Amino acid sequence: MQTEGTMYRPPVEANTFVFQVAAGCTHNKCKFCTMFRDKKFHLIKEDVLRSNLAEVKEYYGRYGLKLERIFLDDGDVFSLSADKLENIINQIREYFPELKEITMYAAVRSLKHKSDEDLLRLKDLGVNDLYIGYESGVDDCLMFMNKGHNTEESIRQAERLNQVGIRHHALLIIGMAGKGRAEESGMAAARLINQIKPGIVLLTTLSVFDDSDLKQEIINNNFTEAKEKEILTEELVLLDNINDGNIYFWASHSLNSVPMEGYIYKDRENMRRKLQYAIENIDEETFAQQLKRERL
Ligand code: SF4
């Protein structure tokens, strides 16, 4: 298969076939993100797409496998117009007529540019389980990080998805509001989650990569990172204040210091005990030496 650069997918899609149909991110401006800095957003050429599809079809055929679910990569495929997405999905179906579900990352700003008719059309084509990088429920933090949306827009777009019946999941970054804002940020994230009603909340922790714009902001004293106790307190506040018991809380990212996951309705108490234990016992200095958040 011919692919371009590093590809990413949500950890909970580890068993889904990841297929690159576009490279990079149209936004590429979030201060904390370095994922696609080396790529300019573009579609993968049709001949490459078809040659990759033929190769995958041959492999699946050899082992008698069916491809029923696919994750479209890179980070910003949903920014393509509904027509372009339909065209790509139809091409994939030529090779895999059994395909049922098509999932991908989606940005709030990309949702904004789709009409309700577009969303319904995409749903009918099998598009479901959109992973949306809300990151935070604190507006000044979203603005500082150049995220390209605010919470009001996040809520509006999630409500549209709920109306048309496309499942969606929330990506959040704890610690993103910086030092001294654990309670505020945790509560804001919980309010956001309670309004947007995602299926899964996926949590990672703010990591300052050397080549990020955020690193420069820290050097210029424009941002101060929260320490681990604060970060875990924010997570606890969020966990405690989610209303919907059916949400799956996934915080097992390698960048999280207390990996855990489970359903709110049955696993919340166990998860909060783990967080509380860590908050009470963590030695910040030893911790800082041991956990280096240097790459995704
Ligand atoms: S966080 Fe998402 S939207 Fe922001 S630059 Fe990275 S890939 Fe693009």
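Note: the structure precedes this text.
Being a predicted model, the structure only gives us computed values, none of them experimental.

1. As for the packing of helix H6 (residues 151–164) against helix H7 (residues 182–196)
Direction vectors running N to C along H6 and H7 enclose 25°, while the axes themselves pass 9 Å from each other. Here H7 runs roughly parallel to H6, going by the angle between their axes. Note that H6 runs across H7; the crossing there is right-handed. Along the contact surface, H6 presents Thr 151, Ser 154, Ile 155, Ala 158 and Asn 162, while H7 presents Leu 192, Gln 195 and Ile 196.

2. A look at the sheet that holds strand S1 (residues 17–20)
One open sheet holds the eight strands; their spatial order is S1-S4-S5-S6-S7-S8-S9-S10, and the pairing between them is mixed. Pairing within the sheet leaves two strands with one partner each, and these edge strands are S1 and strand S10 (261–263). This sheet shows a mean twist of 20° between the axes of neighbouring strands, independent of strand direction. Where strand S6 (residues 127–135) meets strand S7 (residues 168–174), five bridges bridge the pair, whose relative direction is parallel. Within S7, the residue paired with Glu 135 across the bridge is Leu 172. Set on the sheet, H6 makes contact with S6 and S7; between it and S6 the angle comes to about 170°.

3. Structural notes on helix H10 (residues 264–281)
The terminal C-alpha atoms of H10, which comprises 18 residues, lie 24 Å apart, in line with the 26 Å expected from a rise of 1.5 Å per residue. Along H10, the positions that sit buried rather than exposed are Ile 264, Asp 267, Met 271, Arg 272, Leu 275, Ala 278 and Ile 279. As for H10, its buried residues are in contact with helix H9 (228–240), strand S9 (248–250) and S10.

4. Remarks on the pairing of S1
Of the two faces of S1, both are covered, the one formed by Phe 17 and Phe 19 as well as the one formed by Val 18 and Gln 20. Relative to strand S4 (residues 69–73), S1 runs parallel, the two being bridged by four bridges. Counted as the bridge partner of Phe 17 is Ile 70 from S4.

5. Some words on a nonpolar patch on the surface
Together, Tyr 59, Tyr 63 and Leu 65 give the surface a local cluster of nonpolar side chains, amounting to about 320 Å² of exposed area. With respect to the element layout, Tyr 63 can be found in the loop between helix H1 (46–62) and S4.

6. Considering the packing of aromatic side chains
Under the defined criterion, the tally for this structure stands at eleven aromatic pairs. The interplanar angle of 45° and the centroid separation of 5.8 Å between the aromatic rings of Tyr 263 and Tyr 265 together place this pair among those described as tilted. Ring pairing ties together the aromatic residues Phe 17, Phe 19, Tyr 59, Tyr 60, Tyr 63 and Phe 96, which thus form one cluster. Lying across the ring of Phe 144, Lys 31 places its NZ or CZ 4.1 Å from the centre. One Lys or Arg, Lys 114, reaches over the ring of Phe 78 and ends 4.5 Å from the middle of that ring.

7. Observations concerning the layout of surface pockets
Of the voids in this model, the second largest pocket is the one considered here, and its volume is about 600 Å³. Looking at the second largest pocket, it is lined by 20 residues, and the ones nearest its centre are Val 208, Glu 225, Ala 288, Leu 291 and Arg 293. Only helix H8 (213–219), H9 and helix H11 (284–290) provide two or more residues apiece to the lining of the second largest pocket. The greatest single-element share of the lining of the second largest pocket, amounting to three residues, is contributed by H11. A breakdown of the residues in the lining of the second largest pocket according to their chemical character gives nine nonpolar, two polar and nine charged.

The rules behind each value
Residues numbered from 1 in each chain as written. Predicted model: local features only at pLDDT ≥ 70, side-chain atom pairs only at ≥ 80, totals over all residues. Heavy atoms only, no water. Axes fitted to C-alpha atoms, helices over the stretch in contact; angles between N-to-C directions. Helix = DSSP H or I, 4+ residues; strand = E, 2+ residues; numbered from the N terminus. Parallel < 35°, antiparallel > 145°, perpendicular 65-115°, else oblique. Left-handed = near helix turned anticlockwise from the far one by under 90°. Contact = heavy atoms within 4.5 Å. Pairing = 2+ DSSP bridges. Expected span 1.5 Å × (residues − 1). Buried < 20%, exposed > 50% of the residue type's maximum accessible area, 1.4 Å probe, protein only. Patch = residues over 30% accessible without salt bridge, like charges linked within 9 Å, V, L, I, M, F, W, Y side chains within 5 Å. Areas by Shrake-Rupley, 256 points an atom, 1.4 Å probe, with all protein chains shown as cover. Salt bridge = Lys/Arg side-chain N within 4 Å of Asp/Glu carboxyl O. Phe/Tyr/Trp six-rings, centres within 6.5 Å; stacked < 30°, edge-to-face > 60°. Lys NZ or Arg CZ within 6 Å of the ring centre and 35° of its normal. 1 Å grid on protein atoms, 1.4 Å probe; cavity = no way out; pocket = protein on both sides within 12 Å on 5 of 7 lines; lining within 4 Å. Points joined across faces, edges and corners; volume = space filled by probe spheres on them. Nonpolar A, V, L, I, M, F, W, Y, C, P; charged D, E, K, R; others polar.

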